[in-house]
Amino acid sequence: SRLYPERQSLRLESRGKALSDDVKLNTLTLNKQRILYCKDLGPQIGWKTVFLCEYFGPLVCYLISYSRPALLYGSKASTPMHDVVHLAALCWSFHYLKRLYETLFVHRFSHSTMPIMNLFKNCGYYWGFAFYIGYYVNHPLYTSPYFGKVQIYTCLAGFLLSEIGNYSIHIALRDLRPPGSTERKIPMPTSNPLTFLFRYVSCPNYSYEVYSWAFFTLMTQCLPAGLFAVAGFYQMAVWALGKHRNYKKEFPKYPKGRKAIIPFLI
C-alpha cells in the first residue's frame, strides 16, 4: 500500500515521540480513552543510498576544479599549483573515499530509510560546499599558507590523525551493535588508543570530524573551508547534544563527566 511500514510513525500523542519499532501493541494498554496516532513520514529512501550519493558528489565537484582547471579559469589555469593544493586534493579525496568505504562496509544503521527530501538537502549541502571550496583552493590566484611548510605539514599530520581517529570510533561503535540488531550499549574506549575520547565526550566521531576540517582549514588557509568547518561543527554539535541527552536518559549509570562533543566544554 502507499503507507508502507517505513513511512509510518506511531505515537501515543499527536505531537509526541515516535514509538520504538520494538514496542508491541499489547503492552500499550490502549482503551477507549487512548488513541494511537499514525503519522505519514512521506516517501522514504535508504540511508545507504543517501550516504553514497552525498559522499560521491563532493569527490566529483571538488576534483573538477583540481583536475580540469581550464574549464573554470580559462587561460589562467596554466599557473603552476602550489604543493599544498595537491595535498588538499589528496586529503579531500581520502576523506570522502573513507566515507564511502564506511557506508558500504562499516556502518550499521538502526533505521533502514529516511525521508527522500533528505537526499536533495544533504547533496545540496555537501556538493555545494565541495565546489565552493575547490574553486578557491584550486584557483590560479590562490596564495599558500603564511607560515609555509611548517603550517602545511603540521596541519596535514593533524588532519590524518583525526581521520584515523574518526575511523577508529566508527569501528568501536559498529562493534557495539551485533549484526541485524538495534541493541544499544554505553560506548567505551577500546584497546585502540585513539578511542580514548570516549572518556570525555559522547560523540568522539563528531569531535574527530571537527578536528579534521579545522586542520584542513589551517592547512589550506582558505576561508570557504573555514565556513564549511563552522557549519559542520554547528550541525554536529546539535546532533551530539541530542545523542548525549538520550544516552543519559537511557542509561542511569552513564558517565557523568562526559560532555557531548568538545571535552570539558560542550
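Since we're looking at a predicted model, the values are computed, not measured.

1. Regarding the overall build of the protein chain
The number of helices and strands found in the protein chain is seven helices and four strands. Along the chain direction, N to C, the helices and strands of the protein chain fall in the order β-β-β-α-α-α-β-α-α-α-α. The proportion of buried residues among the 266 residues of the protein chain is 41%. Taking the contacts inside the protein chain whose residues are at least 6 apart along the sequence as the reference set, 79% of them involve residues at least 24 apart.

2. A few points about a positive patch on the surface
A surface patch of positive charge is lined by Lys17, Arg245, Lys248, Lys249 and Lys259. Following the sequence through the fold, Lys259 ends up in the segment after α7 (223-250). The exposure class assigned to Lys259 is partly exposed, which follows from its relative accessible area of 33%.

3. Some words on the packing of helix α1 (residues 47-67) against helix α4 (residues 117-137)
Across the interface, α1 lies against α4 with an axial gap of 8 Å and an inter-helix angle of 20°. Classified by the interaxial angle, the pair formed by α1 and α4 is roughly parallel. When you trace α1 past α4, the crossing you get is right-handed. Contacts from Val50, Cys53, Glu54, Tyr55, Gly57, Pro58, Cys61, Tyr62 and Ser65 of α1 reach α4 at Leu119, Asn122, Cys123, Tyr126, Trp127, Ala130, Phe131, Ile133, Gly134, Tyr135 and Val137.

4. Structural notes on the pattern of salt bridges
Where side chains of opposite charge bring their charged atoms close, a pairing between them can arise. Counted under the stated rule, the structure contains four salt bridges. Between Arg174 and Asp175 there is a salt bridge, with the nearest N and O atoms lying 2.9 Å from each other. Glu250 is paired through a salt bridge with Arg184; the nearest N and O atoms lie 2.7 Å apart. Linking Glu250 in helix α7 with Arg184 in the loop between α5 (148-176) and α6 (204-220), this pair joins segments that are 66 residues apart in sequence. By relative accessible area, which is 37% here, Arg184 ends up partly exposed.

5. Regarding the UniProt feature "transmembrane region" (unreviewed entry) in the protein chain
Residues annotated in UniProt with the feature "transmembrane region" (unreviewed entry) correspond here to residues 213-241. Across residues 213-241 one finds 93% helix and 0% strand; the C-alpha atoms that close the span lie 20 Å apart.

6. Examining a nonpolar patch on the surface
Together, Phe56, Val60, Ile64, Leu71, Leu72 and Phe131 make up an exposed nonpolar region whose accessible area comes to about 530 Å². Put simply, the parts of the chain that give the nonpolar patch at least two residues each are α1 and α2 (70-73). Along the chain, Phe131 turns up in helix α4.

7. Comments concerning the side chain of Thr103
Relative to the assigned elements, Thr103 resides in helix α3 (residues 83-105). With a relative accessible area of 0%, Thr103 lands in the buried category. Among all residues touching Thr103, those that are not within four sequence positions of it are Lys48, Phe51, Leu52, Tyr55 and Phe109.

8. Section: the environment of Cys203
With respect to the helices and strands, Cys203 occurs in the loop between α5 and α6. Linking Cys203 and Lys259, residues 56 residues apart in sequence, is a C-alpha distance of 8.6 Å.

9. Quick word on the confidence of the model for the protein chain
Here the protein chain averages 89 in pLDDT, and 88% of its residues register 70 or above. Considering each helix and strand of the protein chain separately, the mean pLDDT is smallest for strand β1 (residues 8-11), with a value of 69, and largest for α6, with 98.

10. Some thoughts on the nonpolar core
In this structure, Tyr62, Trp92, Tyr96, Ile133, Phe216, Met219 and Phe228 are the most contacted members of the largest nonpolar core, which totals 36 residues. Here this core gets nine residues from one element, more than from any other, and that element is α3. Apart from the residues lying within four places of it in its own chain, the contact partners of Tyr96 are Tyr55, Pro58, Leu59, Tyr126, Trp213 and Phe228. Grouped together as the second largest cluster of nonpolar side chains are nine residues, Cys203, Val210, Met236 and Ala237 included.

11. A few points about α1
Helix length check: α1, at 21 residues, gives a terminal C-alpha distance of 30 Å against a target of 30 Å (1.5 Å per residue), a fit within 8%. Of the positions making up α1, those classed as buried are Val50, Phe51, Glu54, Tyr55, Gly57, Pro58, Leu59, Cys61, Tyr62 and Ser65. Elements in contact with the buried residues of α1: β3 (44-46), α2, α3, β4 (113-115), α4 and α6.

Each value, and the rule that gives it
- All chains use their own residue numbering, which begins from 1 and follows the written sequence.
- Since the coordinates come from a predicted model, pLDDT governs what is reported: local features require at least 70, and pairs of side-chain atoms require 80 or more to be given and counted, while whole-chain, interface and lining totals use all residues.
- The side-chain figures draw on all heavy atoms in the structure; neither hydrogens nor water molecules are used.
- In this description a helix means any DSSP run of H or I spanning at least four residues, a strand means any run of E spanning at least two, and both kinds are numbered starting from the N terminus.
- Working definition: with a 1.4 Å probe on protein chains only, accessible area under 20% of the residue-type maximum means buried, over 50% means exposed, and in between means partly exposed.
- Residue contacts follow a heavy-atom distance rule, with two residues in contact if any of their heavy atoms lie within 4.5 Å.
- Patch membership requires more than 30% relative accessible area and the absence of a salt bridge. Residues of like charge join within 9 Å; the nonpolar side chains Val, Leu, Ile, Met, Phe, Trp and Tyr join within 5 Å.
- Only the protein chains shown count as cover for residues, and the accessible areas themselves come from Shrake-Rupley with a 1.4 Å probe.
- Salt bridge criterion: a side-chain nitrogen from Lys or Arg within 4 Å of a carboxyl oxygen from Asp or Glu.
- Positive residues here are Lys and Arg, negative ones are Asp and Glu, while His and the chain termini are left out of the count.
- The location of each charge is read from NZ of Lys, CZ of Arg, CG of Asp or CD of Glu.
- For helices, the fitted axis covers only the stretch in contact; all axes are lines through C-alpha atoms, and the angles between them, taken along N-to-C directions, range from 0 to 180 degrees.
- Convention used here: angles under 35 degrees read as roughly parallel, angles over 145 as roughly antiparallel, angles from 65 to 115 as roughly perpendicular, and any remaining angle as oblique.
- In a left-handed crossing the near helix is turned counterclockwise from the far helix by less than a right angle, and in a right-handed crossing that turn is clockwise.
- UniProt positions are given in the numbering used here, feature names are shortened, and annotations may be inferred rather than shown by experiment.
- Across the chain, each position has a pLDDT score giving the predictor's confidence in that residue, from 0 to 100.
- To define a nonpolar core, start from buried Ala, Val, Leu, Ile, Met, Phe, Trp, Tyr and Cys residues and group those joined through side-chain atoms within 4.5 Å.
- By definition here, a helix of n residues has an expected span of 1.5 Å times n minus one.

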